[in-house]
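# Chains, contacts and geometry: an overview
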Amino acid sequence: MTEEKERQQPQLIKVLREGISLVQMILFKELGIFFAEKYPEKERTERSLLSGAIINSLFGVENPGEKFRTFKQRNHALIEQELIGFANNFQHLLPAVTDALRVQTLCDHQEGSLSPEVLQQAEELGILVSDREVPLPSTFMTQIRVLGEKHNLTIAPVQISPEEDLPMH
């Protein structure tokens, strides 16, 4: 690998991980709305913790904070129940989640860690859209930006003319 490609690789991984984080933010927003309707009796903080626990479980993340570990232990059955219903409740997000999980696995592999259990769990839960092709990095980022715009989490890049791009005096 050339020196330039070696420098570009970590930058690409960083950008892809930002895309994965955007999918997680969208999930957090969607889960928050869903849980507010489903569990109006629960405190907002508890619904947020539930949303975070679902996302962490989907993406194979373990939050080491005491508050999060305690919540996960006390609400294990509820978290599992919501994971089982995720595919039915969020069908419109399954393509984005599938792409994010696959891209995360590729990033992990590039960084020397393997995480096949994340994809296996998603497959078992019916979340992984198996006939969907793994997106190229540019395709993934474009799709995620569009999805982010729909959820008011990103702003579309604005095309400027060469005249507008001139340095200011």
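Residues numbered from 1 in each chain as written. Predicted model: local features only at pLDDT ≥ 70, side-chain atom pairs only at ≥ 80, totals over all residues. Heavy atoms only, no water.

## Some details on the nonpolar core
Side chains of a nonpolar character, in soluble globular proteins, are inclined to be buried together. Within the largest apolar cluster, 42 residues are counted, with the highest numbers of intra-cluster contacts made by Leu27, Ile54, Phe59, Phe86 and Ile127. At the level of elements, helix H1 (3-38), helix H2 (44-59), helix H4 (76-89), helix H5 (94-110), helix H6 (116-124) and helix H7 (137-150) are the ones that each hand at least two residues to this core. The dominant element in this core, judged by the number of residues it contributes, is H1, at 9 residues. The contacts of phenylalanine 86, once residues within four sequence positions are left out, are Leu27, Leu31, Ile54, Leu58, Leu94, Val97 and Ile127. (Core = buried A, V, L, I, M, F, W, Y, C linked by side-chain atoms within 4.5 Å. Buried < 20%, exposed > 50% of the residue type's maximum accessible area, 1.4 Å probe, protein only. Helix = DSSP H or I, 4+ residues; strand = E, 2+ residues; numbered from the N terminus. Contact = heavy atoms within 4.5 Å.)

## What to know about the confidence of the model for the protein
Averaged over every residue, the pLDDT of the protein is 88; residues scoring 70 or more account for 86%. A low-confidence stretch, residues 165-169 stays under pLDDT 50, and its non-local contacts, those more than four residues away or across chains, total 1 contact. (pLDDT = per-residue confidence, 0-100.)

## Points about the pattern of salt bridges
All told, the structure shown has 7 salt bridges when counted by the stated rule. With a shortest N-O distance of 2.8 Å, glutamate 82 and lysine 38 are connected by a salt bridge. A residue pair is termed long-range when its members are at least 10 positions apart, and glutamate 82 in helix H4 and lysine 38 in helix H1 qualify at 44 residues. On the basis of relative accessibility, which here comes to 4%, the residue glutamate 82 falls in the buried class. Owing to a relative accessible area of 35%, lysine 38 belongs among the partly exposed residues under this scheme. For lysine 72, the salt bridge is made with glutamate 62, and the minimal N-O distance between the two is 3.1 Å. Taken together, the residues lysine 72 in helix H3 (residues 66-74) and glutamate 62 in the loop between H2 and H3 connect sequence positions 10 residues apart. A network of salt bridges, in which partner residues are shared, links Arg17, Asp108 and Glu111. (Salt bridge = Lys/Arg side-chain N within 4 Å of Asp/Glu carboxyl O.)

## Structural notes on the environment of glutamine 104
Inspection of the secondary structure assignment puts glutamine 104 in helix H5. Taking relative accessible area as the criterion, glutamine 104 reaches 6% and is therefore assigned buried. Contacts of glutamine 104, omitting those with residues within four sequence positions, involve Arg17, Ile20, Gln24, Phe59 and Val118.

## Digging into unusual backbone geometry
Of note, the phi angle at asparagine 152 is positive, near 55°, even though the residue is not glycine. The exposed category is assigned to asparagine 152, whose relative accessible area is 68%.

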